[in-house]
Amino acid sequence: GVKDFAGVAPLGYTPLVLTSSSQSGIRSVADLRAFVDRNRAGVPFAASAMETRLGAEMLLQLLDAKSQIVNYKGTGPAMTDIAGGHVPLFMTTFTSVLPFKDTGKVTMIGIAAKTRSSFLPDVPALAEQGLPVEAGVWYGVTAPAGTPAPIIERLNKEIARASQTPEYKAKLKALWIDPMSATPAEFDAFIRAESERWRKVVQAAGIQPE
């Protein structure tokens, strides 16, 4: 559990993007709301990993609807089915949508964040469209709980120094990951807040621990 770890330093963050099959006719938040109204008892959503499932659940809880999850082994097969019109909706990472971006087969409805991403400036944030959903994947370094503070502080400073190098910045950019920086205390608080936020989503969705 989260109590077994101490936050050292964040590395980066990438928000999910709400993506629809063009064949579904869902091209905007207004279309999404209408679709949800028609399918409130079970809105079909692809899921390829826990973060994509939880992103869908958080969105649907906000819209007071239940999910009908279609599970896939990987984002590739899920996106292929989205592009093929077999499943209407998917909350996924930028990199999985990119190969389909200009095919006309999928629509990126919105970024699951407060603001737009510098990687996809033309795609509006869901928050600016009236859906305050924040869901994404973050990367960071943790240490075992009880690690002496001076060691954690030293690691944090070394990671912060490395993150300023051109090579590191280029690597994050290639992976479509936004850099993050924080003190150990800030990162530790972030991890615990995220854990609690998602615990509530899991509980409301009735997801059983795997």
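Scroll up a little and you will see the structure.
Residues numbered from 1 in each chain as written. Predicted model: local features only at pLDDT ≥ 70, side-chain atom pairs only at ≥ 80, totals over all residues. Heavy atoms only, no water.

Describing the environment of Pro-184
Following the sequence through the fold, Pro-184 ends up in helix 7 (residues 184-205). Taking the relative accessible area as the measure of exposure, Pro-184 reaches 9% and is therefore buried. Counting along the chain gives 178 residues from Pro-184 to Ala-6, while the straight-line C-alpha distance between them is 8.1 Å. (Helix = DSSP H or I, 4+ residues; strand = E, 2+ residues; numbered from the N terminus. Buried < 20%, exposed > 50% of the residue type's maximum accessible area, 1.4 Å probe, protein only.)

Overview of the sheet that holds strand 1 (residues 5-15)
One open sheet holds the three strands; their spatial order is 7-1-8, and the pairing between them is antiparallel. The open sheet has two free edges, formed respectively by strand 7 (136-144) and strand 8 (178-179), since each of these has just one partner strand. Taken together, the two bridges between strand 1 and strand 8 define a ladder with antiparallel strand orientation. Considered in strand 8, the bridge of Tyr-13 is made with Asp-178. Set on the sheet, helix 5 (residues 149-162) makes contact with strand 1 and strand 7; between it and strand 1 the angle comes to about 25°. (Pairing = 2+ DSSP bridges. Contact = heavy atoms within 4.5 Å. Axes fitted to C-alpha atoms, helices over the stretch in contact; angles between N-to-C directions.)

Things to note about unusual backbone geometry
Look at Asp-64: it is not a glycine, yet its phi comes out positive at around 60°. Note that Asp-64 resides in the loop between helix 2 (50-62) and strand 4 (67-71). For Trp-176, which is not glycine, the phi dihedral falls at a positive 60°. The residue Trp-176 is located in the loop between helix 6 (166-174) and strand 8 in this model.

Comments concerning the pattern of salt bridges
It is possible for side chains of opposite charge to pair when their charged atoms get near one another. In this structure the tally under the stated criterion is 10 salt bridges. Between Glu-128 and Arg-116 there is a salt bridge, with its nearest N and O atoms 2.9 Å apart. Taken as a pair, Glu-128 in the loop between strand 6 (106-111) and strand 7 and Arg-116 in the loop between strand 6 and strand 7 lie far apart in primary sequence, 12 residues in all. The structure contains a network of salt bridges with shared partners spanning Arg-154, Glu-158 and Arg-161. (Salt bridge = Lys/Arg side-chain N within 4 Å of Asp/Glu carboxyl O.)

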